[in-house]
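Here are the chains, one letter per residue:
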Amino acid sequence: MIYTKRQKVSASMAGSDECLSVIGMFQVIENAITEMMGELKIDGLTAKEKYGAFWVFVKNRVKIFKKIRWNEEFETSCFISFKSLAKMNVDVFAKTLEGELLFYAHVEECALDIATQRIRKLNTVGVDETMTAEPPLVDIQFCKFEYENLPKVESVKVRSTNIDMSHHTNNLEYLRFVLNTFSVQELEERPIKEMEVIYANQSFENDIIDVYKISLQDKDVLVLQKGDTSVVKCEILF
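Residues numbered from 1 in each chain as written. Predicted model: local features only at pLDDT ≥ 70, side-chain atom pairs only at ≥ 80, totals over all residues. Heavy atoms only, no water.

(A) Inspection of the side chain of Asp113 at higher detail. On the secondary structure map, Asp113 appears in strand β5 (residues 101-113). Overall, Asp113 belongs to the buried group, its relative accessible area being 14%. Among the polar contacts listed, one links the side chain of Asp113 to the backbone nitrogen of Ala115, at a separation of 2.9 Å. Setting aside its immediate chain neighbours within four residues, Asp113 contacts Gly52, Ala53, Phe54, Arg118 and Arg120. (Helix = DSSP H or I, 4+ residues; strand = E, 2+ residues; numbered from the N terminus. Buried < 20%, exposed > 50% of the residue type's maximum accessible area, 1.4 Å probe, protein only. Polar contact = N/O pair within 3.5 Å; in protein donor to acceptor, adjacent residues only side chain to side chain. Contact = heavy atoms within 4.5 Å.)

(B) Examining the side chain of Glu108 more closely. On the secondary structure map, Glu108 appears in strand β5. A relative accessible area of 10% means that Glu108 is categorised as buried. Those residues in contact with Glu108 that sit more than four places away from it in its chain are Val56, Phe57, Val58, Lys59, Lys87, Met88, Asn89 and Phe142.

(C) Representation of the state of the cysteines within the structure. All told, the structure shown has zero disulfides when counted by the stated rule. This cysteine, Cys143, is not joined by any disulfide, and Cys234 carries the nearest cysteine sulfur, 12 Å off. (Disulfide = S-S within 2.5 Å.)

(D) Quick peek at the nonpolar core. Grouped together as the largest cluster of nonpolar side chains are 60 residues, with contacts concentrated most on Phe103 and Met195. Take this core: its biggest share by element is 10 residues, from helix α1 (residues 22-39). Sequence-distant contacts of Phe103, that is, excluding residues within four places in its chain, are made with Leu20, Met25, Val28, Ile29, Val62, Lys63, Ile64, Phe65, Val92, Phe93 and Ala94. Formed by six residues, the second largest nonpolar core is a distinct cluster that contains Phe145, Ile198, Tyr212 and Val223. (Core = buried A, V, L, I, M, F, W, Y, C linked by side-chain atoms within 4.5 Å.)

Right under this line is the structure:
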C-alpha cells in the first residue's frame, strides 16, 4: 500500500524563511506515517487499546532536495519499505505538483509492550502478511556515528507540552531541542541538507535533558542525554 495525500504548506509548517521548516517537514513525515498506519489499522491507538503496545520511532534519516514556500501545494506519499520480525521501515517522500522531489525520509520503527517495555513482534500488533513492502525510491542508509567528550551547550526540562499520547517525549520535541541550539541566522545561512535522528531511549515529563554538540567542517553532531543515558543522537549535514 502506498498512502498519498495532497496538502499545502500551512503557516504552522513554515519557518523564518517563509518555506517549509525542518520541524514542519518532520511533522509531515510523522503525520503521513501515522495516517498510513491508521488506514492499515495498526496505528498507535489501535496498538494501545487492542494489543497493549505502542509504536516508537527508532531512527529517521531525511534528505532535503528542494524548498517549498508557504501556501504552496505538494503531494506526500508513504509506504512500508522493509519488515522483519520486530522492526519495520517506512519511507516518506514529498513532491511538488510538477513532480520535483522535495524530501525523502527513511524511518525505522518498532512496537513496545506497555507493561514490560520490551520489543514486540510485528505479528502481535496487527502487522500481517498482506502488508507487503514496496521498493525504496531513494537509497538511504542509516549511519553509525559515535563521538565522545562533546561539549555541553545547554540543559532543557521536559514539560507537559512535550509529551505525546504514549506519555513520553514526542520525537518532534527532541528535534526542537536540537534545532534550538542554532540561531535563526545560522539556519538561514546554512540550510540543512540531510539529517539523521536516532532515538535511543525514552524520556518523560520533568526529566532534565543535557544537550551536547560538536561542529565539524560539513556537519554537526548532537547527543541528548538524561544523566548518563543517551536519549537521542543526531547528525546534521549542511
